[in-house]
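Residue-level structure breakdown
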Amino acid sequence: MNKATLFTLTWVYVCTATAVYAMPPHYPDLSKGGNRWLVTFYNDTSPTHDQWATQGICFYPTGDVGTHQQYVWVSDTYPDWNGRATQEGDQIFMHGDFRWYNNIPYAGHDALQWQIVTGKRTIGSGHWQEWLTDEKFGRTFGWGNALWRRVGQCEIDNAEEALEKYRELPNDHKGSPSRKLTDGVF
């Protein structure tokens, strides 16, 4: 075999192997095009699916693990509510903790499973569960449907700074946050 043929075969092999293992950019992304989302809880156990709350969530990318994009997230409307998220394609899985009444840290827990459902990547929908730590089975107080809307950029670009800033938010002295949302802005 001559050198030209060997070079050509080697080049074809390298290009083929590289193409098989190449990792294309992941789309959609929870932070490109705006990392602030609003999520609205609708009570799934109610015949009317009454609306409970809308909260702001900021996503901060932490890197890729295989085919998953990883994030940490921080609420900018509910005090000390934060957690982790993983995304594969349009599917997002999240979990997190929040401070409960009387400032009990991390007594409340959330799990959210949702999917981006629009071509513009600005709307999503899925499920949201909330429960409290309990000595036995946990105390679930919310089985909900969730509507997600991308509403722009978060005030803070860094997850650690956001975590610190939003750890303490004003409340109504009953333990509920008083930071109100109106059309996606406070």
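Summarised in this report is the structure supplied together with it. From a predicted model like this one, the values you see are computed outputs, not experimental measurements.

Turning to the environment of Ser 31, a few remarks are in order. As for its position among the elements, Ser 31 is in the loop between helix H1 (3-21) and strand E1 (36-43). Residue Ser 31 is classed as buried on the basis of its relative accessible area, which comes to 14%. Residues Ser 31 and Phe 59 lie 28 residues apart in sequence; the distance between their C-alpha atoms is 6.0 Å.

If you walk through the whole model with that rule in mind, you get 11 aromatic pairs. Ring centres of Trp 37 and Trp 148 lie 6.4 Å apart, and the angle between their planes is 70°; on these two criteria the pair is classed as edge-to-face. Taken together, the positions of Trp 37 in strand E1 and Trp 148 in strand E8 (residues 139-152) put the pair 111 residues apart, joining distant regions of the chain. Residues Phe 41 and Trp 52 carry aromatic rings whose centres are separated by 4.6 Å and whose planes lie at 20° to one another, so their mutual orientation is stacked. You can see Phe 41 sitting in strand E1 and its partner Trp 52 sitting in strand E2 (residues 51-65), a full 11 residues away along the chain. Of the residues examined, Phe 41 reaches a relative accessible area of 2% and is grouped as buried. Taken together, the ring pairs connect Phe 41, Trp 52, Trp 73, Tyr 78, Trp 81, Phe 98 and Trp 128 into an aromatic cluster.

Attention now moves to the environment of Tyr 78. Note on placement: Tyr 78 falls in the loop between strand E3 (68-75) and strand E4 (82-88). Separated by 88 residues in the primary sequence, Tyr 78 and Tyr 166 place their C-alpha atoms 7.5 Å from one another.

The next thing to look at is the side chain of Gln 129. Relative to the assigned elements, Gln 129 resides in strand E7 (residues 123-132). A distance of 3.1 Å separates the side chain of Gln 129 from the side chain of Gln 113, its partner in a polar contact.

Counting residues in hydrophobic clusters, the biggest one holds 20 residues, and the most contacted among them are Leu 30, Phe 59, Met 94, Trp 114 and Trp 148. Mapped by element, the contributors of at least two residues to this core are E1, E2, E3, strand E5 (91-100), strand E6 (104-116) and E8. Look past the residues within four positions of Phe 59 in its chain and what remains in contact with it is Leu 30, Ser 31, Asn 35, Trp 37, Tyr 71, Val 72, Trp 73, Ala 85, Met 94, Trp 114 and Trp 148.

Definitions and cut-offs
Residues numbered from 1 in each chain as written. Predicted model: local features only at pLDDT ≥ 70, side-chain atom pairs only at ≥ 80, totals over all residues. Heavy atoms only, no water. Helix = DSSP H or I, 4+ residues; strand = E, 2+ residues; numbered from the N terminus. Buried < 20%, exposed > 50% of the residue type's maximum accessible area, 1.4 Å probe, protein only. Phe/Tyr/Trp six-rings, centres within 6.5 Å; stacked < 30°, edge-to-face > 60°. Polar contact = N/O pair within 3.5 Å; in protein donor to acceptor, adjacent residues only side chain to side chain. Core = buried A, V, L, I, M, F, W, Y, C linked by side-chain atoms within 4.5 Å. Contact = heavy atoms within 4.5 Å.

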